[in-house]
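Chain by chain, the residues run as shown.
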Amino acid sequence: MPLCCLRRPAFLALLLLIVVLTVLRERGAFSVKPVERQDAAKLSARVAGPMREDLRGQKVLVESALGRLLVYLPRGPHEEMRPGQTLELEGALRPPRAARNPGEFDEQAFLSDIGVSGVLRADWMAVSSAPVPAAWLPWAWAESVRRSMEDCFQRILPIEKARLADGLTLGDKGPLKRETNRVVQDAGVMHLLVPSGAKVGFVLMAVLGACRLFSASPMVRFWSCAAVGGLYTLMVGGEAPYARAYLGALVLLGAPLLDRDPGAFQALTLSALAILIREPLQLFSAGFQMTYAAAGGLILAMPSVNAALPRAWPRWAKRSAALLCVGVIVQLTLWPLFCQIFGRGSLVGLLANLVLIPASGFLMAAAFLVWATSRLPGQGLGAALLERLLGLFLEVCRFFAALPGAAIELSPMSGAALCVFYLLVFSFLMLPRKRPAAALACAGLLIWAGDAWTRAGARAPLSVLVLSLRSPAAVVSVSGERWLIGPGAPAGAVLKALKARGVTRLDRVVVLGPKAERSLAKVLESYPAGRVHRLSGRVPLTLCQGVHCFEFEPDATRLRAGFDIIALRSNDGAVSASTDGSALALTGALIGQNDRKNQPPIH
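Treat the numbers as computed from the prediction; the structure is a model and nothing was measured. The residue numbering used here restarts from 1 in each chain and proceeds along that chain's sequence as written. Local features in this predicted model are restricted to residues whose pLDDT is 70 or higher, and side-chain atom pairs enter the listing and the counts only when it is 80 or higher, whereas totals over whole chains, interfaces and linings include all residues. Computation of side-chain values covers all heavy atoms of the structure but excludes hydrogens and water.

**Focus: the overall build of the protein chain**
Here a helix means four or more residues in a row that DSSP labels H or I, a strand means two or more in a row labelled E, and each is numbered from the N terminus. A tally of regular secondary structure across the protein chain gives 17 helices and 19 strands. Computed over its C-alpha atoms, the radius of gyration of the protein chain comes to 27 Å, within 12% of the 25 Å expected for a compact globule of 603 residues. Dimensions of the protein chain, computed from C-alpha atoms along their principal axes, come out at roughly 85 × 65 × 45 Å. Between buried and exposed lies partly exposed: a residue is buried under 20% and exposed over 50% of the maximum accessible area for its type, with that area taken using a 1.4 Å probe on protein chains only. Buried residues in the protein chain amount to 44% of all 603 residues. All accessibility values rest on the Shrake-Rupley procedure with a 1.4 Å probe; residue burial counts only the protein chains present in the view. Element-wise, carbon and sulfur atoms account for 62% of the exposed surface of the protein chain, whose accessible area totals about 30800 Å². Counting rule for charge: Lys and Arg are taken as positive, Asp and Glu as negative, and neither His nor the chain ends is counted. Where a charge sits is defined by one atom per residue type, namely NZ (Lys), CZ (Arg), CG (Asp) or CD (Glu). Averaging the coordinates of the 64 positive side-chain charges in the protein chain and doing the same for the 42 negative ones gives two points 6 Å apart. Based on C-alpha atoms, the radius of gyration is set beside the globule rule, defined as 2.2 Å times the residue count to the power 0.38.

**Overview of the pairing of strand S11 (residues 481-486)**
A pair of strands is labelled paired if DSSP reports no fewer than 2 bridges between them. Sheet topology places strand S10 (residues 474-478) next to S11; five bridges connect them, and they run antiparallel. By the bridge assignment for S11, Val476 is matched with Trp483. Strand direction decides the pairing type here: S11 and strand S12 (residues 506-511), joined by four bridges, are parallel. Across the sheet, residue Leu484 finds its bridge partner in S12, namely Val509. Crossover handedness is defined here as right-handed if the route from the first strand over the helix to the second strand goes clockwise, with the strands pointing away from the viewer. Handedness of the crossover is the feature at issue here: the chain leaves S11, passes through helix H16 (residues 491-500), returns alongside S12, and the resulting connection is right-handed.

**Comments concerning empty space enclosed by the protein**
A 1.4 Å probe that fits into a set of points on a 1 Å grid over the protein atoms alone but cannot get out defines a cavity; an open set with protein on both sides within 12 Å along at least five of seven lines defines a pocket, and lining residues are those with an atom within 4 Å of a point. Grid points are joined across faces, edges and corners, and a volume is the space filled by probe spheres set on the points. One pass over the full model with this rule turns up two cavities of 30 Å³ or more. Its boundaries defined by the atoms lining it, the largest cavity holds a volume of some 50 Å³. Around the largest cavity, the lining residues are Leu168, His191, Leu192, Ser196, Ala198, Lys199, Phe202, Ser360 and Met364. Secondary-structure elements contributing two or more residues to the lining of the largest cavity are helix H6 (197-213) and helix H12 (349-372). The element that contributes the greatest number of residues to the lining of the largest cavity is H6, accounting for three residues. Residues were grouped as follows: Ala, Val, Leu, Ile, Met, Phe, Trp, Tyr, Cys and Pro as nonpolar; Asp, Glu, Lys and Arg as charged; and all remaining residues, including Gly, as polar. Taken together, the residues that form the lining of the largest cavity break down as five nonpolar, three polar and one charged.

**Focus: the pairing of strand S14 (residues 541-545)**
Note: S14 against strand S15 (residues 548-552), five bridges, orientation antiparallel. Paired with Cys544 across the two strands is Cys549, which belongs to S15. In this structure, the hairpin formed by S14 and S15 is closed by a connection of two residues, where Gly546 is found at a positive phi of approximately 65°.

**So, the sheet that holds strand S9 (residues 462-466)**
Strand order across the open sheet formed by seven strands is S13-S12-S11-S10-S9-S18-S19, with mixed pairing between neighbours. Of all the strands in the sheet, the pair left with one neighbour each is strand S13 (529-534) and strand S19 (584-587). Going across the sheet, the axis of each strand differs from the next one's by a mean of 15°, ignoring polarity. As paired strands, S9 and S10 are joined by five bridges and run antiparallel to one another. The residue of S10 that forms the bridge with Leu462 is Val478. Fitted lines through C-alpha atoms serve as axes, helices being fitted only where they are in contact, and the angles separating the N-to-C directions of these axes extend from 0 to 180 degrees.

**Some details on the side chain of Asn101**
Mapped onto the elements, Asn101 comes out in the loop between strand S5 (86-94) and helix H2 (107-112). In protein, a polar contact requires one atom able to donate a hydrogen and another able to accept it; more generally it is a pair of N or O atoms within 3.5 Å, and residues adjacent in sequence count only if both atoms are side-chain atoms. Of note is the side chain of Asn101, whose polar atom sits 3.2 Å from the side chain of Glu104. Excluding residues that lie within four positions of it along the chain, Asn101 makes contacts with Leu467, Ser468, Leu469 and Ala574. Contacts were defined at the residue level, with two residues in contact if any of their heavy atoms lie within 4.5 Å.

**Here we look at the nonpolar core**
In this text, buried Ala, Val, Leu, Ile, Met, Phe, Trp, Tyr and Cys residues form a nonpolar core when linked through side-chain atoms within 4.5 Å. Counting residues in hydrophobic clusters, the biggest one holds 52 residues, and the most contacted among them are Phe153, Leu157, Val189, Leu386, Leu390, Phe393 and Cys397. Only helix H3 (137-156), helix H4 (159-170), helix H5 (178-186), H6, helix H7 (218-235), helix H8 (240-254), H12 and helix H13 (379-401) provide two or more residues apiece to this core. With residues up to four places along the chain from it excluded, the contact list for Leu386 reads Phe153, Leu157, Ala366, Ala367 and Val370. Counting 23 residues, the second largest nonpolar core, distinct from the first, contains Ala294, Phe338, Tyr422 and Val425.

**A short note on a nonpolar patch on the surface**
A patch is a set of surface residues, each over 30% in relative accessible area and not in a salt bridge, joined within 9 Å for like charges and within 5 Å for the nonpolar side chains Val, Leu, Ile, Met, Phe, Trp and Tyr. Whenever Lys or Arg places a side-chain nitrogen within 4 Å of a carboxyl oxygen from Asp or Glu, that contact is recorded as a salt bridge. Together, Met219, Trp223, Leu257 and Leu258 make up an exposed nonpolar region whose accessible area comes to about 440 Å². Relative to the assigned elements, Trp223 resides in helix H7. Since its relative accessible area comes to 53%, Trp223 is described here as exposed.

**A closer look at the pattern of salt bridges**
Evaluated as defined, the whole model comprises 15 salt bridges. Across the pair Arg146 and Glu143 runs a salt bridge, and its minimum N-O distance is 3.1 Å. Of the two residues, Arg146 and Glu143 are both situated in helix H3; the distance of three residues between them amounts to about one turn of the helix. Take Arg146: its relative accessible area is 0%, and that puts it in the buried class. Close ionic contact of Arg508 with Glu481 constitutes a salt bridge, the shortest N to O distance being 3.5 Å. Taken together, the residues span a long stretch of sequence, with Arg508 in strand S12 and Glu481 in strand S11 at a distance of 27 residues. Taking the relative accessible area as the measure of exposure, Arg508 reaches 23% and is therefore partly exposed. Overall, the relative accessible area of 26% leaves Glu481 in the partly exposed class. Residues joined by salt bridges that share partners form a network here, namely Glu143, Arg146, Arg147 and Glu150.

**Regarding helix H10 (residues 286-308)**
Every helix has an expected span of 1.5 Å times one less than the residues it contains. Over its 23 residues, H10 runs 33 Å from end to end, which matches the ideal 33 Å to within 8%, given 1.5 Å per residue. Note on bend: the value at a residue is the angle between axes fitted to the seven residues ending there and to the seven starting there. In H10, a bend of some 40° at Ala301 exceeds every other bend along the element, and Pro303, a proline, comes one to four places later.

**Description of unusual backbone geometry**
Residue Leu431 is joined to Pro432 through a cis peptide bond whose omega torsion reads 10°. One can find Pro432 in the loop between helix H14 (415-430) and helix H15 (434-458). Non-glycine residue Ser215 carries a positive phi angle of around 55°. One can find Ser215 in the loop between H6 and H7. Note on Ser215: relative accessible area 63%, which makes it exposed.

**Digging into the side chain of Asn353**
The residue Asn353 is located in helix H12 in this model. Within the structure, the side chain of Asn353 is placed 3.3 Å from the backbone oxygen of Gly188, a separation counted as a polar contact.

**With respect to the packing of H4 against H13**
Running from amino to carboxyl end, H4 crosses H13 at an angle of 80°, the nearest separation of the two axes being 10 Å. In terms of orientation, H4 lies roughly perpendicular with respect to H13. Side by side, H4 and H13 meet where Lys161, Leu164, Ala165 and Leu168 of the first sit next to Glu387, Leu390, Gly391, Phe393 and Leu394 of the second. Tallied by class, residues from the contact of H4 with H13 come to six nonpolar, one polar and two charged. When describing relative orientation, an angle under 35 degrees is termed roughly parallel and one over 145 degrees roughly antiparallel, while 65 to 115 degrees is termed roughly perpendicular and anything else oblique.

It is worth stressing that arrangement in space is one thing and function is another; only the former is reported here.
Structure (structure tokens):
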């Protein structure tokens, strides 16, 4: 990609739009006012998206007088519900929940970024008999096709295989078993089961293949891809990865019809502009960031990669090498997002993708074919073959996930680390353009050095993070060591907090009584500690820096600091405290909501 593309008006307009949206978001322009809690809410709402399913049940986005809501539906098939229809709902309404501890899923932040102000657990629902408004008909038709596919897979396949088929064809894997989910994730191919532009690419490739078979004109090819690709994009929900691939393909196919030269970079830019103009909040979604980071890296680096491949190599060797380079580039550009979202990264994903990305296209074709012929006689053979292919897909995932060192635990990157990482990655992708690559690398190294110097000067000799759990737990940094005191329960929340804080080792674990023993073994599996101490009797552990002390009592329900001046027990969220010996800094809720009137003063 020539760097002069970065000066094109469309790209400059996109940059300006991103800056404006970011500033507006920081100033609260897109903030959503959470709904008030109602135990028996009654409301009317319009269905605004496809029905999905997670561990808590079937769910759907709706538009109501209270704003956009996420509704968990009552048990049932709900065959009649389509986007655009009006629902009458009754149930418990609540605001989205914030994360109580580091590393936990922040429902409030996630839903706020898609404009959702509340969550309704519906006990009763009625669908209006009025016809779907004309403006919503394409979404309703697409939902009917999607439901037909899902029902087909659930009818002819075991439930786990049906969810795999849903993920591979529709990007909605649903609540897979934890073991299956981990195997696919450790193999590095989770992107095959979630929203991905590759699925749209496979569909459009099939359409173009059919057009070539019938010698269709360029105009027929364009409108065929627009119609079939548009229906599929609506079927799968129209998230940013799908929309990026669909709109980009239309730009590439439509440019020659207007006597314009098609360009991948221009297609990427125009698709991003179209998405953000229609839905500005997409900029802050993980799907938008992941798909454009990966596509941008590929457009930047692949021309140089293809030019560097020896011409004497056979075509299959060059294609394999190019596919391997694609995997490397995508892995590099998405690594920080793996850290932030999944907390786990696959080291064998490059090899697994060489096999499973092409295989996923054939699996999609097989699943669509089985669905299309499911009502014909003899469809049992097709169902058995599809089940066998899905089982083979899982076996290949298990093979790669079982390799030594297949996956590693990851901690979220700080803002400075994220900036440094991408500067260095894009410096590498810029090669062989030496000057811009060197400029990006130098900028990244300078930011890294400045951040390291700032953090070294701001590090407090003693810091305590008190987690909000059923039993006490605290992560302590003292004298250059990391201690875990508690370790509290459940162990999963403790492990997430350690990972979110970037803890790579535990120097000591202090067990506060027999209640903490239950979760100790699980914690030590992931974080082998240098030493384990157990407090006996009622003798407390006290850590002091200057005039400020933190006291931990066996089986205590309250952790106190500053000679009992400040109660560090919280029911609302974790509390972080640090001291340099002369001053004590606190962040987080101090005490439970019911005790705020009795909150002691902070000195």
